[in-house]
Each structure stands twice: as structure tokens, then as C-alpha cells.
Amino acid sequence: MSKIKQNIPNFITCINLLAGIIAILCSIKGSEQFGSLPAYQWGFIFIGIAAVADFLDGFAARLLGAYSAMGKELDSLSDLVSFGVAPGILVFSCMHEAGLESASWLALLIPVAGALRLARFNVDTRQSENFIGLPIPANAIFWIGYTSIVYSSGTLLSTWWIFGAIVLLETWLMVSPLHLFSLKFKTWGWKGNEFRWLLILTAIVLLACMGVEGLMWLIAVYVAYGVFDSSRS
């Protein structure tokens, strides 16, 4: 029984990995219709499933006391697929359909920066409570919002120079020395958690007003809150 308990978090992590692989397959198909939704929206859904599994594997490990070195490595490998490679392919396909075939290759920087981010996280003991650099799940959330905007309305976001600037900035943020707060609450009060509560309220407002497209702006606000929070420390 103890062996089964020890591997429950790893099983959940494998769901994360499987969801990430399916998200990649969906993202390759772009706006091709699958059932009631275009393929890229199925990609959004499966990246979301991967994010839920990523939260639950850590929760299960804490609840069961089932931490392991293998689990940590498996988690990072799964995160790279689900939140690095999957959004990279999602953006690559999106830019191809937007007519930016040459610029679309910049999307390959997304999983590369994600790999560097995770490698540093695994060896950096300073990131036990907060983050240095943009967390890779936040990277995936940003690109879901971005591609949703481009697929639905195009706008200036699908011009090559704005796209290139955003890719370079967002990938730099993952490997940057910027300190960002985590959403781990030690207490539920306002004091000491001001920016955590503000981010949650901002998420509710943006999603209610803009839907999936609001996710891009949510991560931009998260970075801005993190800068202000760091400046107070």
C-alpha cells in the first residue's frame, strides 16, 4: 500500500504529461475544426488540464508525504512538455495561419527558455517560496491568451515586429532575475498577501470581461504586481 501511495503524485504528473502531448497534437492542427471546437481551443483545454494536474500532484505529495527525487524530475519534464513545448507549437501554428511564416520560428524560443527556467528552478534553493523569473505555467497562460486574441481578431498582435518583441520579452522574463511572488498563502489575511488577493480579483474581472483573451493581460498584470511587490521589499 505504501508503494501505491508513494506513486500517486507521479501518476497525476503523468496526466499532466499526457495532457501536454495531446495539447501539442491539437495545436499542430490550428483552426481545423474538431467536433464543436477548433483544434487550437482543444489545445487550450488540454494545457488547462495539465495545469490542474500540475497543481494536484504537488498537493497530493504534500498530503501523502510522498516526496521523491524522481517525482521532482518527472514534474519538471512534464512541465516542459505541457507549458513549454505545447504553447510553443500553439504559437508557431497560430503565426503560420496569421501569415507570419518566417517570424513563427521565433516561437521555438518558448520551450528553450522554458527548459532553462526549469533547470535553474531545480537547482536554485532561493525559490522555495517565491520565484525568480516568470514561472513556466504562467508562460503557457500568457500564450493561450495571446493566440486566442490573434485567432479571433488578428489585431496588431499578429504583425511580425510586435510578435517578435513580445516573444523576446516574454522568454527573457522566464530566465530573468525578476523576483515574483507565488500564490502560496501562509495566512488568508490581507496583510502580506495584498498582491496575491489583487491578482485573484484581477483574474476574475479580466476573465468575466474578456474571456480567454484576458489571460494574456492577467500575466502582464502579474509581472507588474511582482515588480511593485519587489520594490517594497
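A. Region of interest: the environment of Asp-79. The residue Asp-79 is located in helix α3 (residues 69-97) in this model. Sequence-wise, Asp-79 and Ile-136 are 57 residues apart; in three dimensions their C-alpha atoms are separated by 7.4 Å. Those residues within four positions of Asp-79 in sequence are excluded, and the remaining contacts are Asn-16, Asp-54, Gly-84, Leu-118 and Ile-136.

B. Quick peek at helix α4 (residues 109-123). With 15 residues, α4 extends 22 Å between its outermost C-alpha atoms, agreeing within 8% with the 21 Å of an ideal straight helix rising 1.5 Å per residue. Listed as buried for α4 are Ile-110, Pro-111, Ala-113, Gly-114, Arg-117, Leu-118 and Asn-122. The secondary structure elements touched by the buried residues of α4 are α3, β3 (131-132), α5 (136-153) and α6 (160-175).

C. Spatial organisation of the packing of aromatic side chains. Taken as a whole, this structure holds 12 aromatic pairs when the rule is applied. Seen in terms of ring centroids, Tyr-40 and Tyr-151 are 3.8 Å apart; in terms of plane orientation they differ by 10°. Their pairing is stacked. Note that Tyr-40 is positioned in helix α2 (residues 39-64) and Tyr-151 in helix α5, a separation of 111 residues in sequence. Residue class for Tyr-40 comes out buried when judged on its relative accessible area of 9%. Take Tyr-151: its relative accessible area is 18%, and that puts it in the buried class.

D. Quick look at the side chain of Asn-122. By the element assignment, Asn-122 lies in helix α4. The exposure class of Asn-122 is buried, given its relative accessible area of 18%. Not counting residues up to four positions away in its chain, the partners in contact with Asn-122 are Lys-72, Glu-73 and Ser-76.

Rules used throughout
Residues numbered from 1 in each chain as written. Predicted model: local features only at pLDDT ≥ 70, side-chain atom pairs only at ≥ 80, totals over all residues. Heavy atoms only, no water. Helix = DSSP H or I, 4+ residues; strand = E, 2+ residues; numbered from the N terminus. Contact = heavy atoms within 4.5 Å. Expected span 1.5 Å × (residues − 1). Buried < 20%, exposed > 50% of the residue type's maximum accessible area, 1.4 Å probe, protein only. Phe/Tyr/Trp six-rings, centres within 6.5 Å; stacked < 30°, edge-to-face > 60°.

These values are about where atoms sit, not about what they do.
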